[in-house]
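# Descriptive structure summary
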Amino acid sequence: MTWRPQYRSSKFRHVFGKAATKESCYDGVPITCSVQDNNFCAVNPRFLAVITECAGGGAFLVLSINHTGKVDPQHPRISGHRGNVLDVKWNPFNDYCIASCSEDSTVKVWEIPPHGVLKNLTAAWKELQGHSRRVGLIEWHPTANNILFSTAYDYQIMIWNLDCPEQVIKNPVRTISHHTDVVLSMSFNTEGSLMATTCKDRKVRLIEPRSGHLQRESNCKTHKASKVLFLGNLKMLFTSGTSRYNDRQFALWDQDDLSLPLSQENLDGSSGVLFPFYDPDTHMLYLAGKGDGNMRYYEISSEKPYIHYLTEYRSNLPQKGMGVMPKRGLDVSSCEVFRFYKLVTIKSLIEPLSMIVPRRSESYQEDIYPMTAGSKPALSAEEWLSGVDKGPVLMSLKPGSQVAESYSAMTTVTRRFQSRPGALQVSNIQDQVGPKDGEEDGGQSEDDRSRTAVSNGEELALCSPPRTENELRTKFHKQQEEIRRLRELLSQRDVRVKQLELEIKNIKNSQPHQNSL
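To start, this report covers the structure provided alongside it. (Residues numbered from 1 in each chain as written. Predicted model: local features only at pLDDT ≥ 70, side-chain atom pairs only at ≥ 80, totals over all residues. Heavy atoms only, no water.)

### Quick word on the overall build of the protein chain
Within the protein chain, the secondary structure is distributed over 5 helices and 35 strands. Residue burial in the protein chain is summarised as follows: out of 517 residues, 48% are buried. Sequence-distant contacts in the protein chain: of pairs separated by 6 or more residues, those separated by 24 or more amount to 53%. Surface accessibility of the protein chain: about 26,000 Å² in total, with carbon and sulfur atoms responsible for 49%. (Helix = DSSP H or I, 4+ residues; strand = E, 2+ residues; numbered from the N terminus. Buried < 20%, exposed > 50% of the residue type's maximum accessible area, 1.4 Å probe, protein only. Contact = heavy atoms within 4.5 Å. Areas by Shrake-Rupley, 256 points an atom, 1.4 Å probe, with all protein chains shown as cover.)

Quick look at the structure:
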């Protein structure tokens, strides 16, 4: 009889949560008091958007990701809705485009100026009118460009194509009407060819979004689902909700059979909704309860028992919602594998929370950073609507493997923004700040002058200067770390060059010997 260990070997067994310091938080943010079960926050590598409390209409803040510290109470907002804003989502393929939905039954898509919001924005790039009641949830398609999904209290899901010349769009390309109550969450598989939803009737539905065909529907009496997630390429669904005795519970489902869950587990008797977050690169699942201060995380496998508990992050600050940074915005030098932005209403605070894999080596860890979904769409809207499915375009997170983002996208956004009536003329500001023609340009070409300076992976135009000694020390250490990594990269290149020179020399030496034979 062979002995087998009782523990699982996992590189993520000792992942721990590290909350940001006070100087790295966003303080004084008037977070919304809405009772909607959404995250109220959206993040990308350039900006942070959070829904705020305001009188008359609805508004949300867009802050530069580096603009930490105390937020000005008079900071400009995006305030074009007539009712309270209920959800915001960044376009995964355009860091300057954000969608919002509101109680005024509209969805609006906004273009953010390259240097941030410098005055109140009220004119949206696109306005989507089709729902008859307040819109509570929006989602972007994971691989197709400019495809947006919205669902409202009229129990319908509408699919919008933003690649059209009209500023006001009144006809969606598809309306899905299989739900008998309010839709609580939507999730897509990796290719975006399937959509899973949960409804207030507590059923899980699997829908083909292009045709609107309902493929499967759960009818389990022991689990009432509230939120649903596709688990990457594992062909499984994860739902969080409650049991028949109102205990908080999660369940795992086979994508091809929704009659009974593969696994389910009760957690506690709290009443807050459980928000699930899944990282397909590390197969880690995070569970954060609304009103809780703690966060549980698990590892998912394709074999029984499927879900493996890792550990728990504890805090005495309750969260109202959570924003998630895309993988391309993480700090790989500190082995950061996930980053949350925690909304703490009682302190008007947004606290970044990094999930870190402890490693002694300071070099890039390829085993915890596989190729991940990048910022380029795999399909256009027309291609997806015509029936084409593709997986996401992958990118590497290794420093130096990806060239900095082209300034052309930012220039396009600037031109669009300037072409709209009443928009802020960013070019006028740049003309006032920048040098005049023929003065101190040093003979640089126009392309060289149009590039944005980058330091430590951050655009200087979006960086706020250090305001405290701690911030100055942090930026100094970051710069030293960048110099050290560049030196290490140079030494590795030198070794590789010497190896290639030796190989060439050996080949040349072997050729006369072969000719003599």
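Still more ground to cover, so stick around.
### A few points about the pairing of strand β21 (residues 223-230)
Most of β21 sits inside the fold, with 7 of its 8 residues counted as buried. Here 7 bridges tie β21 to strand β22 (residues 236-243), and the two strands are oriented antiparallel to one another. If you follow L229 over to β22, its bridge partner there is F238. The hairpin turn running from β21 into β22, its antiparallel successor, is 5 residues long, and G232 in that turn takes a positive phi close to 55°. (Pairing = 2+ DSSP bridges.)

### Observations concerning the environment of F250
Checked against the element boundaries, F250 lands in strand β23 (residues 248-254). We classify F250 as buried; its relative accessible area is 1%. Sequence separation of F250 and Q264 is 14 residues, and the distance between their C-alpha atoms is 5.6 Å. With residues near it in sequence (within four places) discarded, F250 still touches H223, F238, T239, S240, S263, Q264, E265, L267, L287, Y298 and I307.

### As for the packing of aromatic side chains
Per the counting criterion, the structure on display carries 15 aromatic pairs. On the numbers, 6.4 Å between centres and 50° between planes, the contact of Y26 with Y341 is tilted. Separated by 315 residues along the polypeptide, Y26 in strand β2 (residues 26-27) and Y341 in strand β30 (residues 336-344) bring together distant segments of the chain. The pair Y26 / Y341 is uniform in exposure class, with both members buried. Ring plane angle 65° and centroid distance 5.4 Å describe the contact between F250 and Y298, whose orientation is recorded as edge-to-face. Of this pair, F250 sits in strand β23 while Y298 is found in strand β27 (residues 295-300), placing the two residues 48 residues apart along the sequence. An aromatic cluster of three or more residues is present, and its members are F277, Y286, Y297, F338 and F340. Against the face of W125 rests K126, its NZ or CZ located 5.2 Å from the ring centre. (Phe/Tyr/Trp six-rings, centres within 6.5 Å; stacked < 30°, edge-to-face > 60°. Lys NZ or Arg CZ within 6 Å of the ring centre and 35° of its normal.)

### Concerning the sheet that holds strand β16 (residues 174-176)
Pairing within the open sheet is antiparallel, and its 4 strands lie in the order β12-β13-β14-β16. The sheet is open, and its two edges are formed by β12 (135-140) and β16, each paired on a single side. Taking the axes of each pair of neighbouring strands and ignoring which way they run, one obtains an average angle of 20° across the sheet. Looking at chain direction, β12 and strand β13 (residues 147-152) are connected through 5 bridges and run antiparallel. Within β13, the residue paired with W140 across the bridge is L148. (Axes fitted to C-alpha atoms, helices over the stretch in contact; angles between N-to-C directions.)

### Focus on the nonpolar core
Y26, L48, F60, V62 and Y341 are the most contacted members of the largest nonpolar core, which totals 34 residues. Every element with two or more residues in this core is listed here: β3 (41-43), β4 (47-52), β5 (58-64), β8 (85-90) and β30. Broken down by element, this core gets its largest block of residues, 5 residues, from β4. (Core = buried A, V, L, I, M, F, W, Y, C linked by side-chain atoms within 4.5 Å.)

### Some remarks on the sheet that holds strand β25 (residues 274-279)
What the 4 strands build is an open sheet, ordered β25-β26-β27-β28; its pairing is antiparallel. Bordering the open sheet on either side are β25 and β28 (307-313), each of which pairs with just one other strand. The mean angle between the axes of side-by-side strands here comes to 25°, regardless of whether they run parallel or antiparallel. Judged from the 5 bridges that link them, strand β26 (residues 284-289) and β27 form a sheet pairing that is antiparallel. Bridging from a neighbouring strand, A288 pairs with M295 of β27.

### Quick notes on the environment of V183
Among the secondary structure elements, V183 is positioned in strand β17 (residues 183-188). Residue V183 is classed as buried on the basis of its relative accessible area, which comes to 6%. The spatial distance from the C-alpha of V183 to the C-alpha of D154 is 9.4 Å, given a sequence separation of 29 residues. Ignoring any residue separated from it by four or fewer positions in sequence, one finds V183 in contact with T151, I157, T197, T198 and C199.

### So, the pairing of strand β18 (residues 195-199)
The element β18 is largely enclosed, with a buried count of 5 among its 5 residues. Burial along β18 is two-sided: M195, T197 and C199 facing one way and A196 and T198 facing the other are all buried. Linking β17 to β18, which pair antiparallel, is a turn of 6 residues; within it G192 sits at a positive phi near 75°. The pairing of β18 with strand β19 (residues 204-208) spans 4 bridges and is antiparallel. Bridging across to β19, M195 finds its partner in I207.

Interpretation in functional terms is not warranted from these geometric data alone.
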